[in-house]
Amino acid sequence: MNTAESPESRIDELGAGVVKRSTRLADGRELFYYDDPGTTLSAERAVDARTLDARPDTATMRQDILTGDWITFATKRQNRVMMPGADADPLAPQTPANPSEVPARYDVAVFENRSPAFGPALNEAVGGVPAAKNPTRGLDDLSVLGIGRTRTSIGRCEVVCFSPDHEGSFGTQSVTRARTVIEAWADRTAALSALPGIQQVFPFENRGEAIGVTLPHPHGQIYSYPYVTPRTQRLLDSIDRTAPDLMARVLESERDSDRVVLQGEHWTAFVPFAARWPLEVQLMPHRHAPDFAALTDAERDELAPLYLRLLRGVDALYSTPTPYIAAWHQAPVQTGRDTVRMRLELTSPRRAEDKLKFLAGSEAAMGAWTAEILPEVAAERLRTAIESVPEVTA
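None of the values given here were measured: they were computed from a predicted structure. (Residues numbered from 1 in each chain as written. Predicted model: local features only at pLDDT ≥ 70, side-chain atom pairs only at ≥ 80, totals over all residues. Heavy atoms only, no water.)

Asker: It is not clear to me how the overall build of the protein should be interpreted in this structure. Could you clarify?
Answerer: Counting its secondary structure elements, the protein contains seven helices and 17 strands. A compact globule built from 394 residues would reach a C-alpha radius of gyration of about 21 Å, and the protein, at 21 Å, matches this within 12%. C-alpha atoms of the protein, sized along the principal axes, occupy 55 × 55 × 40 Å. Here the protein, with 394 residues, has 53% of them falling under the buried criterion. Accessible surface, the protein: about 17900 Å² in total, of which carbon and sulfur atoms supply 51%. Taking the 43 positively charged and 54 negatively charged side chains of the protein as two groups, their mean positions are separated by 4 Å. (Helix = DSSP H or I, 4+ residues; strand = E, 2+ residues; numbered from the N terminus. Rg over C-alpha atoms; globule rule 2.2 N^0.38 Å. Buried < 20%, exposed > 50% of the residue type's maximum accessible area, 1.4 Å probe, protein only. Areas by Shrake-Rupley, 256 points an atom, 1.4 Å probe, with all protein chains shown as cover. Lys, Arg positive; Asp, Glu negative; His and termini not counted. Charge placed at Lys NZ, Arg CZ, Asp CG, Glu CD.)

Right, dumping it as structure tokens:
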């Protein structure tokens, strides 16, 4: 394996002592190493010497005229790896026997997904990325309704590896590693928001086979959308119908309730007043911040141990780890920056030790939910679980 420093590599110093090293994979996809402060890793990183097929063509999206939603058809994603063993883990550092996606040992690694739902094409050619043949033409164009409307699914999808270990999740990481990931989320949010045609950036973690996870490796993803997502459009509509400070007033109301499960100087976690899922928690900053890039160092520093304790409390609810979706909602790139406050929305279908909630007729078909657990009861259970978890200090 070639261990020479890649000629395209670049080094940047970020917050909290994190060092970013930028390079490329064999097929031209970008790869970023985020080194922990005081890392024991060598400054030299192996070059990806694999011979890879050309990247797939960018998918196409079609508009559902009945809802206005845009649906992406990414057919190449059918061939994804399903639950490989440690010797074939595509997110582990490469070895002679495992030609994985990451050529060198790492602390945190972020790279472009080989089978993305969005991209690699953008509205304009940038850094070797092609321009879309049928690009999006702004939010006004995307909101127009018409039968048979299509656009190229421009955008970008990235994989965020929290650790080189084969198994685990964000919640199993150290405070130092969690802080490095937060710095990576902030850095990638800023960079992706600046790409031509990107309207919203969404970091998330899927955890557990019950959620549909195909890789046990501790990792998350970042989607960069060519539109404002339907959930965020509904939020913007609610803000328009009420007041610009709606999210601040929601946080104030929740902090005065008995649904708070964890809080610090800069963040509060709570079960929302109208929680749909058996387990549903939101984590929101006290100060208005549209996205990770806008957080202060103090807010990022507190978030690392607070978020870890929340996740470990979730796992303390039952005798086995709980499946969840950890969704970091961020404000759109071009609209709602002063009104949409970033927040975590963590949801799980687990309603008992051996039971899951499935979305059947009413929820799945009509979006009309029935919840089986009162939010106040769910909050009390989660508070008790969090209290059983030691303070997270390392």
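Asker: Would you take a moment to explain the pairing of strand E10 (residues 219-225) for this structure?
Answerer: Across a regular strand the side chains alternate sides, sitting on one face of the sheet and then on the other. In terms of burial, E10 is a largely internal element, seven of the seven residues being buried. A two-sided burial pattern is seen for E10, the buried positions comprising His219, Gln221, Tyr223 and Tyr225 on one face and Gly220, Ile222 and Ser224 on the other. Two elements, strand E8 (residues 156-161) and E10, share six bridges in a ladder whose sense is antiparallel. Each residue of the ladder has a partner; that of Val160, found in E10, is Gly220. Note: strand E9 (residues 200-207) against E10, five bridges, orientation antiparallel. Within E10, the residue paired with Phe204 across the bridge is Gln221. (Pairing = 2+ DSSP bridges.)

Asker: Would you mind showing me how to read helix H5 (residues 297-315) here?
Answerer: The α-helix advances 3.6 residues per turn, and as a result positions three or four apart in sequence lie on the same side. The first and last C-alpha atoms of H5 sit 28 Å apart over 19 residues, in line with the 27 Å expected at 1.5 Å per residue. By the largest-angle criterion, Leu303 marks the main kink of H5, which is about 30°, and a proline, Pro305, follows within four residues. (Expected span 1.5 Å × (residues − 1). Bend = angle between axes of the 7 residues up to and from the residue.)

Asker: Sorry, what's going on with the sheet that holds E9 here?
Answerer: Within a beta sheet, neighbouring strands are joined by backbone hydrogen bonds and run either parallel or antiparallel to one another. Judged by pairing direction, the sheet is antiparallel, and its twelve strands sit side by side in the order E1-E2-E3-E6-E8-E10-E9-E14-E15-E13-E12-E11 without closing on themselves. The sheet is open, and its two borders are formed by strand E1 (10-13) and strand E11 (260-263), each paired with just one other strand. Ignoring strand direction, the axes of neighbouring strands in this sheet form an average angle of 20°. Both strand E3 (residues 30-35) and strand E6 (residues 108-112) contribute to a ladder of four bridges, which runs antiparallel. (Axes fitted to C-alpha atoms, helices over the stretch in contact; angles between N-to-C directions.)

Asker: Looking at this model, I keep getting lost on the pairing of strand E4 (residues 60-63). Mind explaining?
Answerer: Only one face of E4 is covered, namely the face carrying Met61 and Gln63; the face carrying Thr60 and Arg62 is uncovered. Across four bridges, E4 lies against strand E5 (residues 70-73) in antiparallel orientation. Residue pairing for E5: Met61 is matched across the bridge by Thr72. Adjacent in sequence and paired antiparallel, E4 and E5 are bridged by six residues, among which Gly68 carries a positive phi angle near 85°. In this sheet, strand E7 (residues 150-152) lies alongside E4 in antiparallel orientation, the contact comprising three bridges. Each bridged residue has a counterpart across the sheet, and for Met61 the counterpart in E7 is Arg151.

Asker: Whenever I open this one, the environment of Asp301 confuses me. Can you help?
Answerer: With respect to the element layout, Asp301 can be found in helix H5. Along the chain, Asp301 and His266 lie 35 residues apart, while their C-alpha atoms are 9.8 Å from each other.

Functional significance is not addressed by these values, which are geometric in nature.
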